[in-house]
Every structure is written in structure tokens, then in C-alpha cells.
Amino acid sequence: MSTLTTDTRKSYMGLLARARPERLEQLLPDLPAHDWLRRPEIGTTMVRGRIGATGAPFNLGEMTVTRCALKLSDGTVGHAYVQGRDQGHATRAAIVDALMQSEGVEQVDATILAPLRAEEAEKRTSRAEKAAATKVEFFTMVRGED
Amino acid sequence: MYVATKGGERAIDAAHQWLSDERRGDRSVPELSVAQIREQMALAVNRVMAEGSLYDPELAALAIKQARGDLIEAVFLIRAYRTTLPRFGASVPVETDRMDIIRRISATFKDAPGGQILGPTFDYTHRLLDFKLMADGEASEALRKEAEAVVAPHILQLLDQDGLMEPLSDGDETPPDLTREPLEMPADRPLRLQALARGDEGFVLSMAYSTQRGYGRTHAFVGELRIGTCAVEMEVPELGFAVEIGEIELTECETVNQFTGSKSEPPQFTRGYGLVLGQSERKSISMSLVDRALRWEELGEDNVGVPAQDAEFVLYHCDNIQATGFLEHIKLPHYVDFQSELELIRKLRREAADAQVKEAAE
């Protein structure tokens, strides 16, 4: 077992959940042998908001989520909860979770997580730049003598 | 009275087959894909997600295709599908403060920290039909400008710091859920917001408009309207901590409303709140106006007897699936019901005619 911190694990699990299923499949085409602890299951999560953004919680509506849990042949367990209904997406996310806890963390990070991180950063930058172009720059016109 | 009748099966099958044929339309026109609907009819997809109360753009696009563009029928399909899914849990409340913003405007402060970001808006367009879209014109690429990370605190927090804003209660109680328990009166604010968030956009809009026209006026300013994506986190019991399970697009509106104060509270501004799945600023502004109007009692305002102040009226009529279900059922066979009505009216007529004859004889 590697010494994985909860923060690291949270961070890559979020990254995997947000990844496009097709992209994750390209980066991890072949799945290592695994046994199911929980087969991929499609369900929902009730998304909550807060009144006035910071007040008491209320139920906003649900989103689709797919989850699964599996065990690699070396006994490492991987979990996944990912947005949407793609069972392959959840499976791959759980496999990466397991791989990150066993041998070869650097390789998994370099070949799967690093590209996902870079592409996500690029997407966010692109959106931020488009938003910045629509930011209003007020100027005041001075009228009259004083 | 309900009686089983048989004999319509073949007609029903043929009707559904024709429906499928009509859905496809003229075969010489290329078929729409679900991905095309998802990408190019995004605001219809957003509306179906919001009122279907299920965030899944692909499913909403499929529902729109299946429903031939009838959005309420599409919402119906989504609601029905949702009931087949198990619920894994509830999210940690989303932090709209940390939203990845694409649009953020304030009608109250010109120089709000973080600025006014217009985003991809219809505002300021001339509402003239663009015939270039009819030809195969190239879409224009969005302009870009080097961006720093947007730091955009909620604008109402600025007023909050000065004590001019009604304070928010920040309890962490589990909110009521109308998808699990029947909606009952009196409904507290979390329950009202859940009902409004999935309510029909047209209905909520009209209710909000009625308050602007004087039926329960609340003098709302849009303190802030923001659209963007928010991370959704959920506690996962088998892990023992919360993980991000994805991100969703949200529209949030906070209104600032007048309040003259009461015995216990000094004059201050009060709030209306709207939060909607997907991009829907009309709905979120409407929601915050109606939310504010429904708060008359807790703020010690007069009940002037207008529809938007009547929680029972608003909440029991804002759901378009309940409404259409009850409305449309009257077109289904009521042969026996109507037979008894027919007999009754004939009997009444007979009695009236007999009475007339008797009167004439006397």
C-alpha cells in the first residue's frame, strides 16, 4: 500500500468523476483483472443547495450517478462514484482508484491523471477567457464644465 | 365509476406506430441525433432537467426527441425514469460561492468585486430573426481575453457585512423532500424552494409577474444573477469522506427587497432566492420573486390575499406533471360517468316538463 493522503484521493476521484467517459477509455483501454465487490449500479444523488447561498439546506433536484467497487488480483480495492450512467466510466474510475493504491502510482498518474488534469485546466481556462471577454468595462463620460 | 373495456388494443398499437412515424417526419430530411439536441437545443434540455428534477443532459435530450419537442411530455418521461432509479444519498450542499462563473451580473452595484460578466446572453440582442442560420452559415467563435481566476463573492454579502441585509439562518437540518413525503401545508421555506425549483417555468414566471404588477408587490432588485458550474460532493460511507461525484451547471438569483422593519428588527433589506438546475435565468429570477412573496408571514407583512402569497395555491399548482396528469385524464373514457349524467339530465327535464303540464292544467 502506498501512503495516499485523503486529499490526494479526493482530488483524483473528483478528476475521474468529471472526466469524459470516452476520454478515460482512450487513456485506459485495457482493464486489469478484477473481481466485483459491487457491480456498476446506476442511481441518483439528491443535490442540495442553501437558501440565500449560505443559509439552511434545501433539496434542489437529483443527478444521475453510477457507482461500483472492485478488487484487483493483488487484493487492492477501488471505489467509484461518477456522474452520469456510463458503467465503463465507473469501472475505469474504480480501477484507477485501486491502481493508485498499489504499485506503479507514478505511471498511473503520468499516463492517466496528468493528461486529464491538463485537459481540464485547458477547458477551464478557455471558459474563463471567453467569460473575461464579456466583462463590462465601465467608463464615465464627463459632461459640462465642472 | 370505472369499468374495464376492451377492444382498443389494435387502434392503440396503430396510433403509437403512426406516432413513431410522425416523430421521424419527412424522411428526406436528416434525422436529429440526441447529441445534436443536447448541444444545439441546450436551453430546452436545461428546462427539461430543471422541471424533470434530474440533471442528465443526455437523458433530457433523448426525452425531447421522444416527445417530439413537447417539453412537458419530455419532463414527464424524465420524472417517470427517475422513479426507477435507487437513490444513493444526498450531496453536501453546493457552494455557489465557488462556482466557475460564465455569467454574473448585478442590477444593484455597478462596480461589484469580480465585475459584471455578461456571458452568452440574449440580452441586448435586437430580437430580429437571423436568416443566416437558415443558410449553412459558419458560427462565430467566441472572443477570448486573458483571464485571471474570477474572484466573485456574493454581492449580497457586501450588504450583509454592513448589517443592512436580513441575516440567514445557517442550520444544517435535513431538509424535507417532497419526492419522499407528500407535500403538506404549512410548507417551510426549504420545501417551498424545492417545489419552485422543479415547478413549471411559465407558471412561476406568471406568479412572479403578478407580484410586479401589484398583486403582492415586494419591490425586488436583482442583487445578483450568476450562471456557471459547481462541483457536487457527496459523503461516501464506504470511504468515510466526501468525494466530488461530478459538476453541474446552475443558475442562481438573489433579490434584494425592501423591508421597513418590525418591533424586533430594524429596517433592512430582505432576500428572495432562486436556484435552478442548468441555465435558466428567467426561471431563477421568477423563483426568487415568488419565494420572497411567500415569506410575508415570517416577515410580519400583511396578507393582502393575492395568489403569490398563497403557498397552498402556488405550490399545489406549480408542478406541470401533476397539473397535466389531472387535466389530461378528462379526455380518457368516462363513458359510464357520462351515462349517469345523461340519465340525470333526462330525468330533470322530464320532471320539469311534467311540472309545466300540471301548472298549465291548473
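What counts, and at which threshold
- The numbering scheme is per chain: residues are counted from 1 as the chain's sequence reads.
- Chains and ligands are labelled by the order in which they are written, letters from A for the one and numbers from 1 for the other.
- Owing to the predicted nature of the model, reporting of local features is limited to residues with pLDDT of at least 70; listing and counting of side-chain atom pairs is limited to 80 or more, with chain, interface and lining totals taken over all residues.
- Each side-chain value is derived from all of the structure's non-hydrogen atoms; neither hydrogens nor water enter the calculation.
- Secondary structure is summarised from DSSP: a helix means a run of H or I of at least four residues, a strand means a run of E of at least two, and numbering begins at the N terminus for each.
- Methods summary: accessible areas were calculated by the Shrake-Rupley approach with a probe of 1.4 Å, and residue burial reflects only the protein chains presented.
- Charge assignment: positive for Lys and Arg, negative for Asp and Glu; neither His nor the chain ends contribute.
- Where a charge lies is defined by one atom per residue type, namely NZ (Lys), CZ (Arg), CG (Asp) and CD (Glu).
- Partly exposed residues are those whose accessible area sits between 20% and 50% of the maximum for their type, while under 20% is buried and over 50% is exposed, using a 1.4 Å probe and protein chains only.
- The criterion used for residue contact is that any of the two residues' heavy atoms lie within 4.5 Å.
- The term buried area denotes the loss of accessible surface (1.4 Å probe radius) that occurs when two parts are joined, taken as the sum for both partners.
- By convention in these notes, a salt bridge is any Lys or Arg side-chain nitrogen within 4 Å of a carboxyl oxygen on Asp or Glu.
- Either an automatic procedure or a domain database provided the assignment from which the domain bounds are taken.
- Any N or O atom pair separated by 3.5 Å or less is treated as a polar contact, with the protein-specific requirement of one donor-capable and one acceptor-capable atom, and with residues adjacent in sequence counted only for side-chain atom pairs.
- Two strands are counted as paired when DSSP detects at least two bridges linking them.
- Planes of paired rings set the category: under 30 degrees apart is stacked, over 60 is edge-to-face and the rest tilted, where pairs are Phe, Tyr or Trp rings (Trp by its six-membered ring) whose centres lie within 6.5 Å.
- Where helices are involved, their axes are fitted lines through C-alpha atoms of the stretch in contact, as for all axes, and angles between N-to-C directions lie from 0 to 180°.
- Angle categories: roughly parallel below 35 degrees, roughly antiparallel above 145, roughly perpendicular from 65 to 115, and oblique for all the rest.
- Put simply, a crossing is left-handed when the front helix is turned counterclockwise from the back one by less than a right angle, and right-handed when it is turned clockwise.
- Note that Gly is not counted as nonpolar here; it falls among the polar residues with everything else outside the nonpolar set of Ala, Val, Leu, Ile, Met, Phe, Trp, Tyr, Cys and Pro and the charged set of Asp, Glu, Lys and Arg.

1. Let's talk about the overall build of chain A
Stage number 1. Secondary structure summary: chain A contains four helices and three strands in total.
Stage number 2. Reading the helices (α) and strands (β) of chain A from amino to carboxyl end gives α-α-β-β-β-α-α.
Stage number 3. For chain A, the computed accessible surface area is about 7,300 Å², with 49% contributed by carbon and sulfur atoms.
Stage number 4. One finds the centroid of the 20 positive side-chain charges in chain A at a distance of 6 Å from the centroid of its 20 negative side-chain charges.

2. Some thoughts on unusual backbone geometry
All names here are of chain B.
Stage number 1. For the bond running from M185 to P186, omega is -5 degrees, close enough to zero to count as cis.
Stage number 2. Of note, P186 is situated in the loop between helix 6 (155–161) and helix 7 (189–197).
Stage number 3. Of note, the phi angle at Y124 is positive, near 70 degrees, even though the residue is not glycine.
Stage number 4. Tracing the backbone shows Y124 in the loop between strand 3 (100–105) and helix 6.
Stage number 5. Notably, R127 is not glycine yet its phi reads approximately 55 degrees, a positive angle.
Stage number 6. Within the secondary structure, R127 sits in the loop between strand 3 and helix 6.
Stage number 7. Residue R127 is classed as exposed on the basis of its relative accessible area, which comes to 61%.

3. Let's talk about the interface of chain A and chain B
Stage number 1. Listed as interface residues are 55 residues of chain A and, on the opposing side, 78 residues of chain B.
Stage number 2. Approximately 6,000 Å² of surface area, both sides summed, lies buried where chain A meets chain B, with 60% of it carried by carbon and sulfur atoms.
Stage number 3. Where chain A meets chain B, there are 11 salt bridges.
Stage number 4. Where B:R82 meets A:E62, a salt bridge forms, and the shortest distance between an N and an O atom there is 2.7 Å.

4. Structural notes on the domain arrangement of chain B
All names here are of chain B.
Stage number 1. Examined at the domain level, chain B breaks down into domain 1 (9–82), domain 2 (96–324) and domain 3 (335–362).
Stage number 2. Spacing between the C-alpha centres of domain 1 and domain 2 amounts to 27 Å.
Stage number 3. The interface is formed by 14 residues belonging to domain 1 together with 19 residues belonging to domain 2.
Stage number 4. For the pairing of domain 1 and domain 2, the buried interface totals around 1,400 Å² over both sides, and the portion due to carbon and sulfur atoms is 57%.
Stage number 5. In this assembly, domain 1 and domain 2 are joined by three salt bridges.
Stage number 6. Between R79 and D319 there is a salt bridge, and its shortest N-O distance comes to 3.1 Å.
Stage number 7. Joining domain 1 to domain 2, the criterion identifies six residue pairs in polar contact (both at pLDDT 80 or more).
Stage number 8. For the side of domain 1 that touches domain 2, the elements supplying multiple residues, two or more each, are helix 3 (42–52), strand 1 (54–55) and helix 5 (71–82).
Stage number 9. With six residues, the top contributor of residues to the side of domain 1 that touches domain 2 is helix 3.

5. Describing the pairing of strand 4 (residues 220–236) of chain B
Residues in a regular strand point their side chains to alternate faces of the sheet.
All names here are of chain B.
Stage number 1. Taken together, the five bridges between strand 3 and strand 4 define a ladder with antiparallel strand orientation. Across the sheet, R104 pairs through a bridge with R226, a residue of strand 4.
Stage number 2. Examined bridge by bridge, strand 4 and strand 5 (residues 241–257) share 16 bridges and lie antiparallel to one another. Residue V222 lies in a different strand from strand 5, and its bridge partner there is T255.

6. Considerations on the packing of aromatic side chains
Stage number 1. If you walk through the whole model with that rule in mind, you get two aromatic pairs over all chains.
Stage number 2. Relative to B:Y273, the ring of A:F58 has its centre 6.3 Å away and its plane inclined at 80 degrees; by these criteria the two rings are edge-to-face. Here A:F58, found in strand 2 (residues 57–72), pairs with B:Y273, found in strand 6 (residues 270–277), and the two come from separate chains.
Stage number 3. When the ring of A:Y81 is compared with that of B:F88, the centres are 6.0 Å apart and the planes differ by 85 degrees; the resulting orientation is edge-to-face. On the criterion of chain membership, the pair formed by A:Y81 in strand 3 (residues 77–83) and B:F88 in strand 2 (residues 87–90) is interchain, its members lying in two chains.
Stage number 4. According to the relative accessible area criterion, A:Y81 is buried, its value standing at 4%.

7. Considering the sheet that holds strand 4 of chain B
All names here are of chain B.
Stage number 1. If you walk across this open sheet you meet the four strands as 3-4-5-6, and the pairing is antiparallel. At either margin of the open sheet sits one strand with a lone partner, and together these are strand 3 and strand 6. Geometrically, the sheet is characterised by an average inter-axis angle of 25 degrees between neighbouring strands, direction not taken into account.

8. Observations regarding the packing of helix 3 of chain B against helix 5 of chain B
Residue and element names in this part refer to chain B.
Stage number 1. Between helix 3 and helix 5, the least distance of the axes is 9 Å, while the angle of their chain directions is 50 degrees. When the axis of helix 3 is compared with that of helix 5, the two are oblique. As helix 3 runs across helix 5, the sense of the crossing is right-handed. In this structure, helix 3 uses A44, R47, V48, E51 and G52 to contact helix 5, whose residues at the interface are L71, A74, V75, I78 and R79.
Stage number 2. Here the contact of helix 3 with helix 5 is composed, by residue class, of six nonpolar, one polar and three charged.

9. Looking at the pattern of salt bridges
Stage number 1. Under the defined criterion, the tally for this structure stands at 46 salt bridges over all chains.
Stage number 2. Among the ionic pairs, B:D56 bridges to A:R85, the shortest N-O distance being 2.7 Å. On the criterion of chain membership, the pair formed by B:D56 in the loop between strand 1 and helix 4 (57–66) and A:R85 in the loop between strand 3 and helix 3 (87–101) is interchain, its members lying in two chains.
Stage number 3. A salt bridge links B:E281 to B:R103, with the nearest nitrogen and oxygen atoms 2.8 Å apart. Residue B:E281 is found in helix 9 (residues 281–293), and its partner B:R103 is found in strand 3; the two are separated by 178 residues along the sequence.
Stage number 4. B:E281 sits in the partly exposed class, given a relative accessible area of 22%.
Stage number 5. Each of A:R18, A:E120, A:R124, B:D100, B:E244 and B:E247 takes part in a single network of salt bridges with overlapping partners.

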